[in-house]
Structures are given as structure tokens and as C-alpha cells.
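Report on the structure
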Amino acid sequence: MSPASHTLPYRTLECEWDVIVAGGGTAGAVAGIAAARTGARVLVIEAQGSLGGTGTNAWVTPLMRNVSGGENLNRGLTEEIKARMRERSDGAIDPGGNDNWFNPEGLKFVLDDLLHEASGEILFHTQVVAPLLQADQITALVVHNKGGLQALRARVFIDATGDADVAAGAGVPCHGGDEHGLHQAMSLRFTLAGVDTVRLCDFLNASGQHQASADFLHFWMVWDRRSSLEPLFRRAVEQGVLLERDGDYFQAFSVPGRPRELSFNCPRIRPDLHDGADPWQLSAAQVDGRQAIMRLTAFCRTFLPGCEEAFVGVVAPMVGVRETRRIQGDYTLSVADILDCTKFEDSICRNHYPVDIHSVKGGAKLLHERDGEAPYFAPDAWHEIPYRCILPQGVQNLLVPGRAASSTFEAQSSIRVQQNCHSMGEAAGIAAAWAARRHDGQVRDVNVRALQDELRQRGGLV
Ligand SMILES: Cc1cc2nc3c(=O)[nH]c(=O)nc-3n(C[C@H](O)[C@H](O)[C@H](O)COP(=O)(O)OP(=O)(O)OC[C@H]3O[C@@H](n4cnc5c(N)ncnc54)[C@H](O)[C@@H]3O)c2cc1C
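This structure is a prediction, so every number in the text was calculated from the model and none was measured. (Residues numbered from 1 in each chain as written. Predicted model: local features only at pLDDT ≥ 70, side-chain atom pairs only at ≥ 80, totals over all residues. Heavy atoms only, no water.)

Quick look at the overall build of the chain now. Broken down by element type, the chain carries 11 helices and 20 strands. Seen through its principal axes, the chain has C-alpha atoms that stretch 65 × 50 × 45 Å. Long-range contacts, defined here as pairs at least 24 residues apart, represent 74% of the contacts in the chain between residues at least 6 apart. Total accessible area computed for the chain in this model is approximately 17700 Å², and 50% of it derives from carbon and sulfur atoms. One way to put it: in the chain the 44 positive side-chain charges average out to a point 2 Å from where the 56 negative ones average out. (Helix = DSSP H or I, 4+ residues; strand = E, 2+ residues; numbered from the N terminus. Contact = heavy atoms within 4.5 Å. Areas by Shrake-Rupley, 256 points an atom, 1.4 Å probe, with all protein chains shown as cover. Lys, Arg positive; Asp, Glu negative; His and termini not counted. Charge placed at Lys NZ, Arg CZ, Asp CG, Glu CD.)

Next up, the structure:
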């Protein structure tokens with residue numbers, strides 16, 4: 001996208017919204033609900049046919065634990081979503097009571113309901129193409145859908161595309177990848193259905209991966225990490241069932257509400273395909289992922305007792321993208337902020353999840369800098385994410401919550417987990433509604449103390 005794309009032959013709709021949310025994903029769905037609850041007229045624009053983004057359409061379950069002193073740091077709408085999920089008959093909680101696990105299909109219904117109840121509007125199957133700008137304000141988003149090219153106007157915009165599509169199109173400076181421009185690995189998640197989980201559980205217990213119960217399985221293999229499954233993977237590679245890289249990261253677990261089905265946090269996509277904001281790489285990743293899914297399915301059917309009759313249940317509609325563009329915001333969160341547990345006057349979210357880099361060079365890195373010594377390592381530690389991290393430089397009526405928030409590569413790998421995206425989204429939604437209704441669209445005029453009070457009133461921890 002380029003700022004010059006206003007020459008496209010679009011049709012401008014009469015209607016004007018207070019807030020348009022681009023991308024109804026993990027952060028965007030929550031932002032839309034929060035803004036609508038704040039009294040704004042809200043439209044969420046989503047490329048797929050359901051809300052939830054990576055959490056639903058990339059099949060990323062669970063919500064990663066973000067805990068300090070035994071307490072969950074993300075509250076407010078993220079807690080409400082969990083409560084709604086617990087009420088559902090298709091399950092949202094594991095037998096051990098951990099409600100961070102969820103059934104992605106169930107979450108789609110819950111998000112629909114919450115947005116609808118708040119009177120938020122939704123436009124599915126619609127791709128945001130480009131923002132239209134007057135000076136440093138976005139006036140409309142040009143979108144493409146079955147109606148052709150249309151310009152949709154609003155006072156305030158929330159870019160929750162994960163890839164900062166709107167911000168980049170508006171000319172906001174963006175960063176991507178590590179110091180070599182390498183992004184985190186993408187993954188295409190899938191499920192295997194028709195698994196005899198009792199037999200598989202017995203096998204895993206016998207082979208050294210302890211399982212509490214056949215009702216909820218969790219097993220893994222990463223080369224050279226002493227997984228009891230490594231000899232099986234080695235044999236499968238020797239027999240040509242798997243490729244060497246299929247063992248760079250393999251993880252599977254049960255899904256609440258979906259008996260006899262296993263969800264896989266893999267395969268990782270080929271390392272040269274690492275930029276999810278590059279349409280050609282993203283497309284090639286889809287094919288590469290499906291090929292790997294066939295290999296992993298063959299492996300499970302051949303080598304894992306209980307999987308002989310298993311078949312592919314779901315291939316996630318979206319490739320799982322961990323990191324692409326990150327905006328240059330008014331503040332850039334760094335790994336030092338995480339390690340030193342930096343607190344900010346304009347905090348909108350607390351985090352204690354570690355640096356977690358799925359490198360395309362293989363393996364995964366959890367935080368180890370100043371290992372055990374930095375304040376971060378205290379069990380009751382946390383750092384904060386300031387409102388300024390979601391304020392993109394150079395545009396006055398745009399907010400960017402979620403994985404594209406302003407942060408370094410390492411810091412992003414920590415704050416990107418879903419519950420933080422929910423919390424950033426909730427703050428962005430309230431702020432956008434206030435900016436639209438009270439501050440002529442200016443997101444920097446929002447009173448952040450009042451925003452924090454509002455988040456607390458809604459159950460948030462800030
Ligand atoms: C493989 C993988 C495993 C992970 N594991 C975990 C885990 O176990 N636990 C955890 O908590 N987190 C995990 N994460 C991280 C977490 O899921 C993501 O960082 C988070 O969901 C991103 O949220 P987001 O709102 O920024 O983006 P998304 O949830 O991806 O939302 C972006 C939305 O915008 C839409 N969109 C994009 N571009 C456009 C456009 N131009 N027009 C219209 N719509 C558009 C997309 O369709 C999507 O719905 C994982 C991520 C991946 C990829």
C-alpha cells in the first residue's frame with residue numbers, strides 16, 4: 001500500500017463511523033467491542049469470515065499464561081471472554097480447570113455475540129486496501145470486497161491488522177524482523193481427528209512424556225532438547241517420512257470440547273519464507289505448510305500408537321504469523337524495559353510473559369538475558385506497556401494495538417501473546433471512542449489517567 005493510492009476509482013459511502021477498526025483479530029475484535037461499549041458507532045472490517053484473527057483462524061490455542069505472583073495480569077474483557085467460553089457446551093476449559101485453553105470455533109461465536117450486544121457493526125470478507133489522508137489525519141479507508149472499491153469514513157481508526165497495514169499505508173515508519181531483517185518463523189496449525197487418545201496416552205506415558213490423563217494430552221519434540229520422541233523422529237527422517245526441519249519444533253495438545261482431536265502448534269514454515277507481510281511468501285507458506293502437514297500426519301499415523309486411523313480435521317484458514325511490521329510509536333518498548341520491570345505513567349497493560357522467539361534458524365528462545373538476576377525474574381514481577389506504544393508517529397487519529405505495537409524485535413516476542421493483545425485492544429477501543437466523541441479524533445488528547453480509571457472500572461489491572 002502507498003499513500004498515493006487515493007487515485008483508485010473507489011466509491012465513498014455516505015455513512016461516517018466514529019471508529020473504524022481495521023482487522024477483527026485478537027486485538028481488533030476486543031477493540032471494536034470496547035469502543036462500541038463506550039458509546040461510539042463502530043465498524044470492524046475483517047478480511048476473513050469470522051472474528052478472532054490468529055486466535056481463531058490461525059487456530060492458536062492456548063492463551064499464553066501471563067501471571068505475576070500467581071495472579072493473571074490481563075483482566076477486563078479477556079476475563080469476560082473466558083467466562084463466556086466457560087458457559088459454552090463446546091468447551092473452553094481443560095479438565096484441570098485451566099481456562100487459558102479454548103476451542104477456537106467456540107471463540108468465534110462468543111466474539112460475534114459480544115460485538116453484536118454492544119451494537120458494533122462488522123464487515124466480513126473485506127480487505128483494507130489503503131488509508132486516505134488529509135495532512136496527518138486519516139479520513140477514510142479504501143476497502144475491497146464484493147461491492148468493489150469503497151471508501152469508508154470515520155473520525156478515528158484502529159489498525160489491528162497485526163501487520164500495521166493501515167499505519168504503513170499512511171506513511172508511519174515501521175520496523176520488521178531482527179537486526180538481520182529475519183522475522184520469527186511462521187507456522188500453519190492443524191488438527192488430527194479420530195485419535196484413540198487412551199492408547200496414545202498409554203504410549204506417551206510409557207515412552208517418558210508424562211500425561212495426567214487421556215482427556216488432555218500434551219507432547220512435543222524439538223531436536224536436541226531431550227524429548228523422548230526424538231528417536232522416533234530420527235527414524236522417520238531416515239525413512240523419508242519427515243524432513244529434518246520437521247523436528248525443529250513439534251508440539252501437540254488436546255482441544256477442550258473436541259474429543260479425540262489433537263491440535264498441533266506446527267509445522268513451522270520453510271525458513272526462507274519468513275515475512276508474512278510479503279504476499280508471495282505468505283502464499284508459498286500456505287502450500288509449504290500443507291505439504292508439511294501431510295508429512296506430520298503420515299508420521300503420527302505410522303509412529304504414534306492411537307493415531308493409525310487419524311485424519312486431518314482442520315487446516316487453519318490463516319497461516320500463523322508471529323511478527324511482521326512493528327510501528328515506530330511515541331515510545332518503543334525494549335527488552336531492558338522487560339528485564340527492569342519498567343513502570344509507565346501511561347500504562348495500559350501489565351506483562352510478565354518472557355521473550356519468546358521462534359527463530360527461523362531453529363529452536364525457540366525463552367528469555368535468558370541477565371538470567372535469574374534482572375528484576376524480571378522475581379515471581380511477582382511485571383512491566384508495563386505504555387499508551388504511547390500504540391500511538392504511531394506522524395498520524396493523529398490512529399491507534400495500533402496488538403503484535404504491531406511499537407517495540408523492538410525481542411520485546412515484541414514477549415508482549416505479542418493473546419491476552420496482552422486483548423488488553424491493548426480494550427484500551428485502544430475506549431481511547432478511540434473518547435477521541436472520536438470528545439477530542440475531534442485526536443488520540444493524543446485522550447486523558448490517560450481517565451483511561452486507566454475506566455479500564456479499572458471494567459475490571460482491568462493497570
Ligand atoms: C503459530 C503461533 C503460535 C502462537 N502461540 C501463542 C500461544 O500459544 N498463546 C498466545 O497467547 N499467543 C500465541 N501466539 C501469539 C498471538 O497469537 C498473536 O501475537 C496475536 O494473536 C496477534 O494478535 P493481533 O490482534 O495483533 O493480530 P491477529 O489476531 O492476527 O489479527 C489481525 C486481523 O486482521 C485481519 N487483517 C489483516 N490484514 C487485513 C486487511 N488488510 N484488511 C482486513 N483485515 C485484515 C486478519 O484477518 C486478522 O483477523 C502465537 C502466534 C502464532 C502465529
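Take the nonpolar core next. V19, I158, I348, Y387, L399 and L451 are the most contacted members of the largest nonpolar core, which totals 67 residues. The element contributing the most residues to this core is helix α10 (residues 418-438), with 10 residues. Leaving out residues up to four positions away in the same chain, L399 has contacts with F157, I158, D159, Y387, I390, L391, P392, A428, A431, A432 and V443. Ranked by size, the runner-up nonpolar core spans 42 residues in total, among them L188, L242, I293 and A310. (Core = buried A, V, L, I, M, F, W, Y, C linked by side-chain atoms within 4.5 Å. Buried < 20%, exposed > 50% of the residue type's maximum accessible area, 1.4 Å probe, protein only.)

Sheet strands line up and pair through hydrogen bonds in the backbone, either parallel or antiparallel. On the basis of which strands lie adjacent, the open sheet formed by five strands has the order β11-β12-β13-β10-β14 and antiparallel pairing. Where the open sheet ends on each side, the last strands, each with one partner, are β11 (218-221) and β14 (311-315). Between one strand axis and the next, the sheet turns through 25° on average, direction left out of account. (Pairing = 2+ DSSP bridges. Axes fitted to C-alpha atoms, helices over the stretch in contact; angles between N-to-C directions.)

A separate point is the site of the ligand. Lining the immediate environment of the ligand, one finds 33 residues, of which T26, E46, T54, P62 and R416 sit closest. Between the ligand and E46, the relevant distance is 2.6 Å, taken from an oxygen atom to a side-chain nitrogen or oxygen of the residue. Backbone polar atom of Q418 to an oxygen atom of the ligand: 2.9 Å apart, as the coordinates give it. Coverage of the ligand by the protein amounts to 96% of the 1000 Å² it exposes when considered alone. Elements supplying a minimum of two residues to the shell around the ligand: α1 (26-37), β6 (127-134) and α10. Grouping the constituent residues of the shell around the ligand by class yields 12 nonpolar, 15 polar and six charged. (Near = heavy atom within 4 Å. Polar contact = N/O pair within 3.5 Å; in protein donor to acceptor, adjacent residues only side chain to side chain. Nonpolar A, V, L, I, M, F, W, Y, C, P; charged D, E, K, R; others polar.)

Another aspect to go through is unusual backbone geometry. Leaving glycine out, the prevailing phi sign among residues is negative, and the prevailing peptide bond configuration is trans. T61 connects to P62 through a cis peptide bond whose omega is 15°. Of note, the bond from C266 into P267 is cis; its omega dihedral lies within 30 degrees of zero at 5°. Mapped onto the secondary structure, P267 falls in the loop between β13 (262-264) and α7 (279-303). The residue C341 is not glycine, and still its phi comes out positive at about 55°. Residue position: C341 is located in the loop between α8 (335-339) and β16 (347-351).

What follows is about the domain arrangement of the chain. In terms of domain boundaries, the chain breaks down into domain 1 (3-179 + 327-457) and domain 2 (190-315). For domain 1 versus domain 2, the separation of C-alpha centres amounts to 30 Å. Contacts between domain 1 and domain 2 engage 20 residues on the former and 17 residues on the latter. Interface area, domain 1 with domain 2, both sides summed: about 1500 Å², of which 66% is carbon and sulfur. (Domains from an automatic or database assignment. Buried area = accessible area lost by both parts, 1.4 Å probe.)

Bringing the packing of α1 against α10 into the picture now. Between α1 and α10, whose axes approach to 7 Å, the crossing angle comes to 35°. Here α1 and α10 pass one another in a crossing that is right-handed. On α10, the residues touching T26, A27, V30, A31, A34 and A35 of α1 are Q418, C421, H422, G425, E426, G429, I430 and A433. Taken together, the residues of the contact of α1 with α10 break down into eight nonpolar, five polar and one charged. (Left-handed = near helix turned anticlockwise from the far one by under 90°.)

Along the chain, Q419 falls in helix α10. With near-sequence residues (within four places) excluded, Q419 lies in contact with L63, M64, N66, N72, N74, T78, K82 and N100. Here the side chain of Q419 touches K82 through a polar contact of 3.1 Å, side chain to side chain.

Here the focus is the packing of α1 against helix α3 (residues 104-117). The contact between α1 and α3 brings their axes to 8 Å, and the two run at 25°. Overall, the two elements α1 and α3 adopt an arrangement that is roughly parallel. Judged by the sense of rotation from one axis to the other, the crossing of α1 with α3 is left-handed. Touching A29, G32, I33 and R37 of α1 are L111, L114 and L115, all from α3. Per-class residue counts for the contact of α1 with α3 are five nonpolar, one polar and one charged. (Parallel < 35°, antiparallel > 145°, perpendicular 65-115°, else oblique.)

Here the focus is the packing of aromatic side chains. Summed over all chains, the structure comprises 12 aromatic pairs. Judged by centre distance (4.9 Å) and plane angle (65°), the ring pair of F233 and F250 falls under edge-to-face. Of the two residues, F233 is situated in helix α6 (residues 230-238) and F250 in strand β12 (residues 250-254); the sequence distance between them amounts to 17 residues. We note that F233, like F250, is buried. Where F233 meets F299, the ring centres are 4.4 Å apart and the plane angle is 50°; that geometry is what we call tilted. Of this pair, F233 sits in helix α6 while F299 is found in helix α7, placing the two residues 66 residues apart along the sequence. Side by side, F233 and F299 carry an identical accessibility label, which is buried. Within the aromatic cluster, the residues linked to one another by ring pairs are F190, F219, W223, F233, F250, F264, F299 and F303. Positioned over the ring face of W223 is R234, at 4.1 Å from the centre of the ring. (Phe/Tyr/Trp six-rings, centres within 6.5 Å; stacked < 30°, edge-to-face > 60°. Lys NZ or Arg CZ within 6 Å of the ring centre and 35° of its normal.)

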